[in-house]
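A structural walkthrough
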Amino acid sequence: MTFSLKKDKSGVVVVGVDGQLIVGNRQELKQKVLESLDGGAKKFVVDFSKTGYIDSSGLGVLVSLSKKIREQGGELRLAGLNEDLQTLFELTKLDTLFAITRTADEALAAF
Amino acid sequence: MSLDVPSDLGVVGEAVELVASALPAGTLSPRRLRFNLRTALAEALANAIMYGGRDDPARIVRVRVELGRDVVRIHVTDEGDGFDPSTLPDPTRPENLEREAGRGLFVLRHLVDHVAFNEKGNGICLTLRAG
């Protein structure tokens, strides 16, 4: 399975992305996160520590999710970007839109 | 090398890997092969499939790879009517940053050494120089 969801003890949903976030699977991520949001979750961390590749559609779904989560009074953070993914976020200036930490633990501690 | 790809977003990954694995070792640096070529080609293919092929598997996207001494050129051509790339807004502008779509071509342009479109606008040529 590409996406794993688990709640930490303070109710933050940590979403693990295994492999890639691309045009072919972005809807699945969107659906899973929105289901959690509808279920009352407000804080999310997307952990990219096992992600090798994100395409522009994947970036777009993160932007869309961040907006929806904020509209509901929540927050989305990103963690674990490797050098390539960090470059992608900087190139597209999305590093100015998202709170990005080195690890999921750092993201959880920042809430 | 030439590859005919059905307009199905589900095959983008496989098509990219086929092209990347067919390049002779050392043509591009490991990072440029792993990141620049793969990402740019995936973006070009996804655009061709979505906008040119309208995600109809019966419509074909042709990928053609040319190898020069110090250069790789990848041509991606779809069966669509083409478009004018100069009409696309800059996705990094503050007013566009929260748009869901519109980053593919921008990303692609910044990862390769040169991008050229054919006259009709349904074909793109990506150039990556060795290194």
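Notes on the structure in this doc start here. Residue numbers run consecutively from 1 along every chain, following the written order of its sequence. Chain letters start at A and ligand numbers start at 1, both assigned in the order the entries are written. Totals for whole chains, interfaces and linings use every residue, but because this is a predicted model, local features are given only for residues with pLDDT of at least 70 and side-chain atom pairs only at 80 or more, for both listing and counting.

**Concerning the sheet that holds strand β4 (residues 114-117) of chain B**
Working definition: the strands of a sheet are paired by backbone hydrogen bonds and lie parallel or antiparallel to each other. All names here are of chain B. Selection criterion: Strands pair, by our definition, only if DSSP identifies at least two bridges between them. Note on conventions: DSSP H or I runs of at least 4 residues are helices, E runs of at least 2 residues are strands, and numbering of each starts at the N terminus. An axis is simply a line fitted to the C-alpha atoms; with a helix, the fit covers only the stretch in contact. Between two such axes, the angle follows the N-to-C directions and lies from 0 to 180 degrees.
Reading across the sheet, the 5 strands line up as β1-β2-β3-β5-β4 and stay open at both edges, with antiparallel pairing between neighbours. Two strands lie at the open edges of the sheet, namely β1 (2-6) and β4, each paired on one side alone. When strand polarity is set aside, the average angle formed by the axes of neighbouring strands in this sheet is 15°. Across 7 bridges, the pairing between strand β3 (residues 71-77) and strand β5 (residues 123-129) is antiparallel. In the sheet register, Val72 faces β5, and the bridge partner there is Leu128.

**Regarding the pairing of strand β4 (residues 43-47) of chain A**
Residue and element names in this part refer to chain A. Applied cut-off: Three exposure classes are used. Buried residues have 20 or more other C-beta atoms within 10 Å of their own C-beta, exposed residues have 12 or fewer, and partly exposed residues fall in between, all C-beta atoms being placed from the backbone.
By the criterion of burial, β4 is predominantly enclosed, with 4 of the 5 residues buried. Bridging between strand β2 (residues 13-17) and β4 involves 4 bridges; their strand directions are parallel. Across the sheet, Val13 pairs through a bridge with Phe44, a residue of β4. As judged from the 5 bridges shared by β4 and strand β6 (residues 75-79), these two strands associate in the parallel manner. Paired with Lys43 across the two strands is Glu75, which belongs to β6.

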